[in-house]
Amino acid sequence: MKKKVAATEGGRIADQLHRAFYGSAWHGPAVLELVKDVDAATAGAKPLPDVHSIWELLLHIAAWDRAGVRRLGGEKCQLKGAANFPRVPAPTESAWREAVAAVKRTHDALVETVAGLSDKRLRDRVPGKRYDFYHMLHGIAQHELYHAGQIAILKKACLSKGGARRG
């Protein structure tokens, strides 16, 4: 799902967000590349003590993509508790597929919004924060890549333990 990138700063940031999530990122596998072969049991597993599951991380990524869109819409938004790490439903294959589809929709809405931003808008201050949208949007891309690394480690941990283990 590669889109043509506008020759604006908003378009370039949108491209980086797209790459961090869908693929063709410089660093290695992106979020969706990592979860494409993950089943519900593995997504919900906690193979390491005191860590979030792949499913929890994916919902967390979506929560912050959504927060970015809300902030761009002028809303003050700081996620805490279940808004920051939404609760995972019973780990069925259909629930997992729907979660992945919902995360894609949320991410696509963010990328589409960012692609249309003017350079002036990127320099506007995020409501309730001391930084601008330019800084926030680069942070969202970094956030997704950070969690992509965690997902990669969790996948390896699940494989080394012989499959998923419930936490």
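Conventions we followed
- Residues numbered from 1 in each chain as written.
- Predicted model: local features only at pLDDT ≥ 70, side-chain atom pairs only at ≥ 80, totals over all residues.
- Heavy atoms only, no water.
- Core = buried A, V, L, I, M, F, W, Y, C linked by side-chain atoms within 4.5 Å.
- Buried < 20%, exposed > 50% of the residue type's maximum accessible area, 1.4 Å probe, protein only.
- Helix = DSSP H or I, 4+ residues; strand = E, 2+ residues; numbered from the N terminus.
- Contact = heavy atoms within 4.5 Å.

1. So, the nonpolar core
Here comes step 1: Counting 24 residues, the largest nonpolar core has V31, V35, I54, W55, W96 and I151 as its most contacted members.
Here comes step 2: Going through the elements one at a time, helix 1 (9–22), helix 2 (31–35), helix 3 (40–44), helix 4 (54–72), helix 5 (93–115) and helix 7 (133–160) are the ones with two or more residues in this core.
Here comes step 3: Sorting elements by how many residues they give to this core places helix 4 first, with seven residues.
Here comes step 4: Not counting chain neighbours up to four residues away, the residues in contact with V31 comprise A20, F21, L58, I61, E144, A148 and I151.
Here comes step 5: Listed in part, the 15 residues of the second largest apolar core include L17, L110, V114 and A141.

2. Notes on unusual backbone geometry
Residues other than glycine predominantly adopt negative phi, and peptide bonds predominantly adopt the trans conformation.
Here comes step 1: For S24, which is not glycine, the phi torsion reads 65° and is therefore positive.
Here comes step 2: Here S24 lies in the loop between helix 1 and helix 2.
Here comes step 3: If you check the backbone angles, D50 has positive phi at about 55° while not being a glycine.
Here comes step 4: Mapped onto the fold, D50 is located in the loop between helix 3 and helix 4.
Here comes step 5: Classification of D50 as exposed rests on a relative accessible area of 85%.

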